[in-house]
Amino acid sequence: MTDLLRLAREIGFTDAAPLNIAAIDLKPEVRQMCADNLCGQYGKRWSCPPGCGELDVLRQKLNLYSKGILVQTTGQLEDSFDAEGMMAAEKLHKAHLAALHEFLLPQYPRLRTVGAGCCKICKTCTYPDAPCRFPDKQVVSMEAYGMLVSEVCRQNGLPYHHGPATVTYTGCFLLE
Ligand code: SF4
């Protein structure tokens, strides 16, 4: 596990910790935030509700794993309205997730990457007309799983906030 956490930091994540998968509570109220559709992606991608599955189905998927890691990318902002800085940090986080996914996949063939925001692997998602083009690479967000990110961070010993003028994106890898 120590090697995995070091590898995550070498790839560029700001922080990483072992993930207690059994302790994760999937909450209907978090999924309701997806249904409120402030991001505009509800019902648009396989990675997002309802296409990613109901909570009981996602719980069954989580139960297939007993080992995982939680990862974070923290970006510095000029101020709390620095939208460009936030987007840059999100882009960096997605790049870190993709890089570590590629690195881990040969060792963990059942690897699942859980990210922040919707899956943007394809410019246009096939939902709902055809199956996902890359089901093994598809990134479902922690929120789409019904995870309350601040709670998962607290449970696993990582801060949710990293101080003023910063933004932090969190994700996890379900390994085996
Ligand atoms: S991999 Fe492509 S088709 Fe699959 S969820 Fe992501 S964007 Fe949609």
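Refer to the structure presented above.
Let me sum up the structure you'll find in this document. (Residues numbered from 1 in each chain as written. Predicted model: local features only at pLDDT ≥ 70, side-chain atom pairs only at ≥ 80, totals over all residues. Heavy atoms only, no water.)

### Topic: unusual backbone geometry
Then comes step 1: Here P49 and P50 are connected by a cis peptide whose omega angle stands at -5°.
Then comes step 2: Along the chain, the position of P50 falls in the loop between α2 (28-36) and α3 (55-62).
Then comes step 3: For the peptide bond that leads from Y127 to P128, omega is -5°, which places it in the cis range.
Then comes step 4: If you trace the backbone, P128 turns up in the loop between β3 (112-115) and β4 (140-141).
Then comes step 5: Of note, the phi angle at N37 is positive, near 60°, even though the residue is not glycine.
Then comes step 6: As for its placement among the helices and strands, N37 is situated in the loop between α2 and α3.
Then comes step 7: Residue N37 is classed as partly exposed on the basis of its relative accessible area, which comes to 29%. (Helix = DSSP H or I, 4+ residues; strand = E, 2+ residues; numbered from the N terminus. Buried < 20%, exposed > 50% of the residue type's maximum accessible area, 1.4 Å probe, protein only.)

### Some details on the pairing of strand β5 (residues 166-174)
Then comes step 1: Counting buried residues along β5, nine of its nine residues qualify, which places the element largely inside the surrounding structure.
Then comes step 2: Burial along β5 is two-sided: T166, T168, T170, C172 and L174 facing one way and V167, Y169, G171 and F173 facing the other are all buried.
Then comes step 3: Two strands pair when backbone bridges link them, and strand β2 (residues 68-76) and β5 are joined in this way by nine bridges, in the antiparallel orientation. Paired with G68 across the strands is L174, a residue of β5.
Then comes step 4: Sheet analysis places β3 next to β5, joined by three bridges and oriented antiparallel. Across the sheet, R112 pairs through a bridge with L174, a residue of β5. (Pairing = 2+ DSSP bridges.)

### Brief notes about the nonpolar core
Then comes step 1: In terms of nonpolar packing, the biggest core is built from 23 residues, with L19, L26, L62, M142, Y145, M147 and L174 touching the most fellow members.
Then comes step 2: The contact partners of M147, leaving out residues within four places of it in the chain, are I24, D25, L26, V30, L62, V114, M142 and V152.
Then comes step 3: Counting 15 residues, the second largest nonpolar core, distinct from the first, contains L4, L5, L100 and L175. (Core = buried A, V, L, I, M, F, W, Y, C linked by side-chain atoms within 4.5 Å. Contact = heavy atoms within 4.5 Å.)

### A word on the sheet that holds β2
Then comes step 1: Within the open sheet, the five strands sit side by side as β1-β2-β5-β3-β4. Their pairing is mixed. Each edge of the open sheet is held by one strand with a lone partner, namely β1 (15-18) and β4.
Then comes step 2: Sitting on the sheet, helix α1 (residues 2-11) is in contact with β1 and β2, with an inclination near 160° to β1. (Axes fitted to C-alpha atoms, helices over the stretch in contact; angles between N-to-C directions.)

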